[in-house]
Amino acid sequence: MNRMMTPGFSLIELLVSLTLATIIMASLTGVVSTSLQVQNNSQVRNDLSQQASYAMGRMTTAVRESRRLILPLNDNPNTNWSEHIRQQSIPPAPPEGDSTFASAVLALTMNPYLDLDGDGWADANRDKDFLDINNNSIRDANEPERIDEDPWGDGSDDGAPGIIGIDDNGDGTIDNSSATYAFADDDEDDDYDEDSELNSDEDNDGSLGEDVDLDQNGDGAPGLLGVDDDYDGNIDEGSSYDDDEDGLSHEDSYDCFVYYLNGNNLIERLPANKDINNDTYIDGLDFTETIIAEQVSYFRVERIVSDSGAVLVDLVLQLTHSGDEVRLHSQVRLEAGL
């Protein structure tokens, strides 16, 4: 008698199939997990790269379009620490006794031609004055604006030694000075207004004109001695502290771009082109701050003076997160873009 065979799997075949399926699923899960991890690592690295590139671009542009590097300073032979290099590790890990690992900072004056509010005047030109060559009280095409031409003892006009909230001389203290008029101590060296001219080093600290007197060129006369500075037909009229002979004193101080670390965040400080403190006068306390890079693990700024006298700024920025690291290095010349 013929028996009918019913299709199906034996118990052993089912167990083998389930085992194989489990192995295949486990393999696929590992592949997917690895793929997701690779994708996540790639995204983290791309994010770090984008942040680092953006921040480095902001700083190099600021250097290229600035006329004056404020910080770092040149090395002072009277101190036992380096001031031309400012570097900082996060978390702090300086070699023992290495004072070059002070708070890292880059500070410079803003682009003298930048007009963010579109009013036809450079934002750095607070008093909106110009060389009135034709003496017609109208700014003609060939008459340049006058930028930062009449600062006062407090160069940054913020009421603090040096730049407010910044360790200017790298000695580990912020806004510290024992000078009689501490707010006028622009380099935090416990003295004030000790360089009578922008290009002088009367205090022998290695830096030129970093702490100038109220009379910016030190000649005891309004503007330049014996010169009609404002083309109004009069010579040396007014106060000796009136560096541009416009009848006002100290009305156009430095407008500072500042880059420094707050924790592991790189901060960009920009001067405001409008009064944000509800005063009638815009001063060095009118500024905005923005985080331009996070997860910063190392920041280094070096001031280099070439044989020709050109000022170079060497920048290193490193970002680290979850084992990924991006490090950028750039060297740019002051005023290169002007």
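Residues numbered from 1 in each chain as written. Predicted model: local features only at pLDDT ≥ 70, side-chain atom pairs only at ≥ 80, totals over all residues. Heavy atoms only, no water.

Focus: the overall build of the protein
As a reminder, the rule being used: Helix and strand assignments come from DSSP, with helices taken as H or I runs of at least 4 residues and strands as E runs of at least 2, each series counted from the N terminus. Only the C-alpha atoms count toward the radius of gyration. The rule for a globule is 2.2 Å times the residue count to the power 0.38. Residue burial is assigned from relative accessible area. The probe radius is 1.4 Å, only protein chains are included, and a residue is buried under 20% of its type maximum, exposed over 50%, and partly exposed in between. Residues count as neighbours in contact if any of their non-hydrogen atoms are within 4.5 Å of one another.
When its secondary structure is counted, the protein shows one helix and nine strands. Reading the protein from its N terminus to its C terminus gives the helix and strand order α-β-β-β-β-β-β-β-β-β. Its C-alpha atoms give the protein a radius of gyration of 30 Å, clearly above 20 Å, the size a compact globule of 338 residues would have. Viewed in the frame of its principal axes, the protein has a C-alpha envelope of about 135 × 50 × 40 Å. Within the protein, the proportion of its 338 residues that are buried is 43%. Intrachain contacts of the protein at a sequence separation of at least 6 include 53% that bridge at least 24 residues.

A word on the sheet that holds strand 2 (residues 85–89)
Quick note on the threshold: Between any two strands, at least two bridges found by DSSP are needed for them to pair. Between N-to-C directions, angles span 0 to 180 degrees; the directions come from axes that are lines fitted to C-alpha atoms, helices contributing only their stretch in contact.
Pairing is antiparallel in the open sheet, where four strands are placed in the order 2-7-8-9. Where the open sheet ends on each side, the last strands, each with one partner, are strand 2 and strand 9 (324–333). Shown here is a sheet whose adjacent strand axes are inclined to one another by a mean of 10°, direction ignored. Here strand 8 (residues 311–321) pairs with strand 9 via 10 bridges, running antiparallel. Note that in strand 9 the partner of leucine 319 across the bridge is valine 326.

Digging into the environment of serine 49
Here serine 49 is to be found in helix 1 (residues 11–64). The exposure class of serine 49 is partly exposed, given its relative accessible area of 27%. Between the C-alpha atoms of serine 49 and leucine 328, which are 279 residues apart in sequence, the distance is 8.9 Å.

Some remarks on the pairing of strand 7 (residues 296–305)
Burial runs high along strand 7: eight of the 10 residues are buried. Inspection of the sheet shows strand 2 paired to strand 7 by five bridges, in the antiparallel sense. Bridged to glutamine 87 within strand 7 is arginine 300. Pairing between strand 7 and strand 8: nine bridges, direction antiparallel. Considered in strand 8, the bridge of valine 305 is made with valine 311. If you look at the hairpin formed by strand 7 and strand 8, you'll find five residues sitting between the two strands, and glycine 309 has a positive phi there, around 95°.

Digging into the sheet that holds strand 3 (residues 105–109)
Either a parallel or an antiparallel arrangement is found when strands of a sheet pair, and the pairing is made through backbone hydrogen bonds. Taken together, five strands build an open sheet; the order of strands is 1-3-4-5-6 and the sheet is antiparallel. Unpaired on one side and paired on the other, strand 1 (69–71) and strand 6 (287–293) mark the two borders of the sheet. Averaged over all pairs of adjacent strands, the angle between their axes in this sheet comes to 25°, without regard to strand direction. Sheet topology note: the strand 5 (residues 265–271)/strand 6 ladder contains six bridges and is antiparallel. Within strand 6, the residue paired with leucine 266 across the bridge is alanine 293.

Remarks on the packing of aromatic side chains
Rules: In summary, the pairing rule links any two rings of Phe, Tyr or Trp, Trp by its six-membered ring, whose centres are within 6.5 Å, and it sorts them by plane angle into stacked for under 30 degrees, edge-to-face for over 60 and tilted for everything else.
Inspection of every chain in the model, using the stated rule, returns three aromatic pairs. Relative to tyrosine 192, the ring of tyrosine 181 has its centre 5.3 Å away and its plane inclined at 80°; by these criteria the two rings are edge-to-face. Of the two residues, tyrosine 181 is situated in the loop between strand 3 and strand 4 (256–262) and tyrosine 192 in the loop between strand 3 and strand 4; the sequence distance between them amounts to 11 residues. Accessibility expressed as a relative area gives 43% for tyrosine 181, which makes it partly exposed.

Side note on the nonpolar core
Our working rule: Nonpolar cores are built from buried Ala, Val, Leu, Ile, Met, Phe, Trp, Tyr and Cys residues. Side-chain atoms within 4.5 Å join them into one set.
Ranked by internal contacts, the top residues of the largest apolar core, which has 34 residues, are Met59, Leu106, Leu266, Val296, Phe299, Val313 and Leu317. At the level of elements, helix 1, strand 3, strand 4, strand 5, strand 6, strand 7, strand 8 and strand 9 are the ones that each hand at least two residues to this core. Counting residues per element, this core draws most heavily on helix 1, at eight residues. Those residues in contact with valine 296 that sit more than four places away from it in its chain are Ile90, Leu261, Asn264, Leu266, Leu317, Gln318 and Leu319. One finds Ile70, Ala107, Ile166 and Cys256 within the second-largest nonpolar core, a separate group that totals 12 residues.

Remarks on the pattern of salt bridges
Convention followed: By definition here, a salt bridge exists when the distance from a side-chain nitrogen of Lys or Arg to a carboxyl oxygen of Asp or Glu is within 4 Å.
One pass over the structure, following the stated rule, counts eight salt bridges. With its nearest N and O atoms 3.6 Å apart, the salt bridge here joins lysine 128 to aspartate 119. Classification of aspartate 119 as partly exposed rests on a relative accessible area of 35%. One salt bridge in this structure joins arginine 269 and glutamate 289, with 2.8 Å as the shortest N-O distance.

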